[in-house]
Amino acid sequence: MTSTRSPIRRAALGTAAVTAALVLAACGSDDGSSDSGSAPKDSASASAEATAGAHNDQDVSFAQGMIPHHQQATQMARMAESRASSSEVKDLAARIEKAQDPEIKTMSGWLKAWGEEVREPMPGMDHGMDHSSGSGMAGMMDQKDMDELMKASGKGFDSMFLTMMVEHHEGAVEMATTEKEKGQYGPAKKMAEDIITTQNAEIEEMNKLLGKG
């Protein structure tokens, strides 16, 4: 009888061991569920970030192009502080600088967040503008234009500044229109819309100051 019960007892003990192992495995799975339980949160967070940062090549081009465009406009605006004779021109220039400096910072932030190149200022240039490299962009002045504006003063400066800035703004509106139509990133499209509204109004204002309105 002893020899008969012994294999049964051993089998029972074996079964109990297997059962215990399965229970422990299940517990381990429950403990590990905290990892899997955090997955939805991580996925939701990643999804939110992806949605917030969803952008396309047009958005990148817009930011990379508009930054130097704005930088040149703010450089021209700073010249007006000491060279313009008209209070209207000085006021306009101050508004341009006040509006566009924060936009430069915002667009630089987008590019950094997207892992894209943010063109750093070139040594020796005010605001880092390499005007020769930007002359092919819509509305951008070349180095000769900027040198002439730098040498001007008084009413001559006023007229030159307004004429150049009208062209400059028209280029910005063109770039912003493309972004509004083809961009994907919501904040960039909103900025483009603001640029179109603001700069079209300033173009009208400048043309009136030039006697064209």
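Residues numbered from 1 in each chain as written. Predicted model: local features only at pLDDT ≥ 70, side-chain atom pairs only at ≥ 80, totals over all residues. Heavy atoms only, no water.

This next bit is on the overall build of the protein chain. The helix and strand tally for the protein chain stands at seven helices and zero strands. For the protein chain, the N- to C-terminal ordering of α and β elements is α-α-α-α-α-α-α. Within the protein chain, the fraction of its 213 residues that count as buried is 35%. Counting only contacts in the protein chain whose residues sit at least 6 apart along the sequence, the fraction spanning at least 24 positions is 76%. Summed over its atoms, the accessible surface of the protein chain is roughly 12000 Å², and 55% of this surface lies on carbon and sulfur atoms. (Helix = DSSP H or I, 4+ residues; strand = E, 2+ residues; numbered from the N terminus. Buried < 20%, exposed > 50% of the residue type's maximum accessible area, 1.4 Å probe, protein only. Contact = heavy atoms within 4.5 Å. Areas by Shrake-Rupley, 256 points an atom, 1.4 Å probe, with all protein chains shown as cover.)

With that settled, the discussion passes to the side chain of Q64. Relative to the elements of secondary structure, Q64 occurs in helix α2 (residues 57-83). Note on Q64: relative accessible area 16%, which makes it buried.

Now for helix α7 (residues 186-209). Here α7 contains 24 residues, and its C-alpha end-to-end distance of 35 Å stays within 8% of the 34 Å for a straight helix at 1.5 Å per residue. All of the buried residues along α7 are A188, M191, A192, I195, I196, Q199, E202, I203 and M206. As for α7, its buried residues are in contact with α2, α3 (87-114) and α6 (154-182). Of the residues one or two after α7, G211 is the one with positive phi, at around 80°. (Expected span 1.5 Å × (residues − 1).)

With that out of the way, let us pick up the packing of aromatic side chains. Applying the stated rule across the entire model yields four aromatic pairs. Ring centres 6.2 Å apart and planes at 25° place the aromatic pair W110 and W114 in the stacked group. Here W110 and its partner W114 are both found in helix α3, four residues apart, which amounts to about one turn of the helix. You'll find W110 and W114 in the same group, each marked buried. (Phe/Tyr/Trp six-rings, centres within 6.5 Å; stacked < 30°, edge-to-face > 60°.)

Let's shift gears to the nonpolar core. In this structure, F62, M76, M107, W110, F157 and F161 are the most contacted members of the largest nonpolar core, which totals 43 residues. For this core, the secondary structure elements donating two or more residues are α2, α3, α5 (143-151), α6 and α7. Setting aside anything within four residues of it in sequence, one finds F161 in contact with M76, A77, A80, V89, L92, A93 and L149. (Core = buried A, V, L, I, M, F, W, Y, C linked by side-chain atoms within 4.5 Å.)

Tracing the chain through its elements places S86 in the loop between α2 and α3. Polar contacts involving the side chain of S86 include one to the side chain of E88, which spans 2.8 Å. (Polar contact = N/O pair within 3.5 Å; in protein donor to acceptor, adjacent residues only side chain to side chain.)

Take the pattern of salt bridges next. A complete count under the given rule lists six salt bridges for this structure. Here R95 and D91 are joined by a salt bridge, their closest N and O atoms 3.0 Å apart. A residue pair is termed a helical-turn pair when its members lie 3 or 4 positions apart in one helix, as R95 and D91 do in helix α3 at four residues. On the basis of relative accessible area, R95 is assigned to the partly exposed category, the value being 31%. Classification of D91 by relative accessible area gives partly exposed; the value is 41%. The partner of K190 in a salt bridge is D194, with the nearest N and O atoms 2.9 Å apart. Highlighted residues: K190 and D194, both in helix α7, separated by four residues, approximately one helical turn. (Salt bridge = Lys/Arg side-chain N within 4 Å of Asp/Glu carboxyl O.)

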